Amino acid sequence: MAHVVHCLRAGRADTETIEHGTIIEFARDTPDIGARDMLMITAPSGGSLNLKPVGKRAEGGTYVLLTVRPAWTFRGWLEHVDGGRWRFQLEARHLAILDRLKGAA
């Protein structure tokens, strides 16, 4: 069965990469992001940042997958800050893995 997009949401980040704590600002007031929504997030350079909503968190917010490289996908969530602003949070175990990978580079 094909993935049906419920809503296309365009936003921007003030950084070239999405990291723990990155604020993403959507063009409109965005009180909710659903698992079937498609996010188009733009970096300052105009490049695309890849976050895919995958479900709702019981604690609030939306689970997302962050793809850093084709083989590296990490799970985190977006938490609503206000209006159209959301903060990306990375799960602790994935944050530790990314920190180790950055240290090895």
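Residues numbered from 1 in each chain as written. Predicted model: local features only at pLDDT ≥ 70, side-chain atom pairs only at ≥ 80, totals over all residues. Heavy atoms only, no water.

Caption draft 1: Inspection of the side chain of threonine 62 at higher detail. Looking at where threonine 62 falls in the secondary structure, it is placed in strand β6 (residues 62-69). For threonine 62, a relative accessible area of 0% gives the class buried. At 2.6 Å, the side chain of threonine 62 and the backbone oxygen of isoleucine 33 are in polar contact. A distance of 3.4 Å separates polar atoms of two side chains, one belonging to threonine 62 and the other to lysine 56. Apart from residues no more than four positions distant in its own chain, threonine 62 is found in contact with Ile33, Pro53, Gly55, Lys56, Arg57, Gly76, Trp77, Leu78 and Trp86. (Helix = DSSP H or I, 4+ residues; strand = E, 2+ residues; numbered from the N terminus. Buried < 20%, exposed > 50% of the residue type's maximum accessible area, 1.4 Å probe, protein only. Polar contact = N/O pair within 3.5 Å; in protein donor to acceptor, adjacent residues only side chain to side chain. Contact = heavy atoms within 4.5 Å.)

Caption draft 2: Structural detail: the pairing of strand β2 (residues 23-26). Burial along β2 is one-sided: the face carrying Ile24 and Phe26 is buried and the face carrying Ile23 and Glu25 is not. Where strand β1 (residues 8-13) meets β2, three bridges bridge the pair, whose relative direction is antiparallel. By the bridge assignment, arginine 12 is partnered in β2 with glutamate 25. Bridge analysis of β2 against strand β8 (residues 85-90) gives three bridges, and the strand direction is antiparallel. Its bridge partner lying in β8, isoleucine 23 is registered against arginine 87. (Pairing = 2+ DSSP bridges.)

Caption draft 3: Representation of the sheet that holds β1 within the structure. An order of β4-β3-β1-β2-β8-β7-β6-β5 is seen for the eight strands of this open sheet, with the pairing classed as mixed. In this open sheet, the two strands that pair with only one neighbour each are β4 (48-49) and β5 (51-56).

Caption draft 4: Highlighting the packing of aromatic side chains. Here the structure, examined in full by the defined rule, presents zero aromatic pairs. The aromatic ring of tryptophan 77 is capped on one face by arginine 57, whose charged end is 4.0 Å from the ring centroid. Here the basic side chain of arginine 75 rests over the ring of tyrosine 63, its NZ or CZ set 4.0 Å away from the ring centre. (Phe/Tyr/Trp six-rings, centres within 6.5 Å; stacked < 30°, edge-to-face > 60°. Lys NZ or Arg CZ within 6 Å of the ring centre and 35° of its normal.)

Caption draft 5: Quick peek at the nonpolar core. Grouped together as the largest cluster of nonpolar side chains are 18 residues, with contacts concentrated most on Ile18, Ile24, Leu39, Ile41, Leu51, Leu78 and Phe88. Secondary-structure elements contributing two or more residues to this core are β2, β3 (38-42), β6, β7 (72-82) and β8. A total of three residues in this core trace back to one element, the largest contributor, which is β8. Those residues within four positions of phenylalanine 88 in sequence are excluded, and the remaining contacts are Ile18, Glu19, His20, Gly21, Thr22, Leu51, Val64, Leu66, Gly76, Trp77 and Leu78. (Core = buried A, V, L, I, M, F, W, Y, C linked by side-chain atoms within 4.5 Å.)

Worth remembering: the numbers are spatial, not functional.
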